[in-house]
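Inside the fold
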Amino acid sequence: MARAKRAEVPEFDRDVWEYLTYAPGRTCSACSREVKPLEPVRRRVVDRTSGPPATVYRHNKCPSDQAVAA
């Protein structure tokens, strides 16, 4: 029985994000917190192996990034 090829996990890099926007009510892909109104987020489209591309958002200054840096 042949093994299925493992899908590569996309690397999140500040340079590959499309643009800065506002997306109230969406969820941050890094910290899983809801995005508040007027809170800037970065937008990116990620290819998925099991379906259509998905749009993901991440806080411009994500609390999870600051916790790792401390």
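Scroll up to find the structure this text is about.
Residues numbered from 1 in each chain as written. Predicted model: local features only at pLDDT ≥ 70, side-chain atom pairs only at ≥ 80, totals over all residues. Heavy atoms only, no water.

Taken together, the four bridges between strand β1 (residues 19–22) and strand β2 (residues 40–48) define a ladder with antiparallel strand orientation. Residue pairing across strands places Tyr-22 opposite Pro-40, the latter belonging to β2. Sheet topology note: the β2/strand β3 (residues 51–59) ladder contains seven bridges and is antiparallel. When the sheet's bridge partners are listed, Val-45 is paired in β3 with Thr-55. Counting the residues in the hairpin turn of β2 and β3 gives two residues. (Pairing = 2+ DSSP bridges. Helix = DSSP H or I, 4+ residues; strand = E, 2+ residues; numbered from the N terminus.)

Now for the side chain of Arg-42. Positionally, Arg-42 belongs in strand β2. Overall, Arg-42 belongs to the buried group, its relative accessible area being 7%. At 3.3 Å, the side chain of Arg-42 forms a polar contact with the backbone oxygen of His-59. (Buried < 20%, exposed > 50% of the residue type's maximum accessible area, 1.4 Å probe, protein only. Polar contact = N/O pair within 3.5 Å; in protein donor to acceptor, adjacent residues only side chain to side chain.)

Time to look at the pattern of salt bridges. Evaluated as defined, the whole model comprises one salt bridge. Residue Arg-43 pairs with Glu-18 through a salt bridge whose shortest N-O separation is 2.3 Å. Of this pair, Arg-43 sits in strand β2 while Glu-18 is found in the segment before β1, placing the two residues 25 residues apart along the sequence. (Salt bridge = Lys/Arg side-chain N within 4 Å of Asp/Glu carboxyl O.)

Another aspect to go through is the sheet that holds β1. Taken together, three strands build an open sheet; the order of strands is β1-β2-β3 and the sheet is antiparallel. Edge positions in the sheet fall to β1 and β3, since each has one partner strand and no second. Strand-to-strand twist in this sheet, taken as the mean axis angle between neighbours without regard to direction, amounts to 45 degrees. (Axes fitted to C-alpha atoms, helices over the stretch in contact; angles between N-to-C directions.)

Everything listed here is a matter of coordinates, which is why it stays silent on function.
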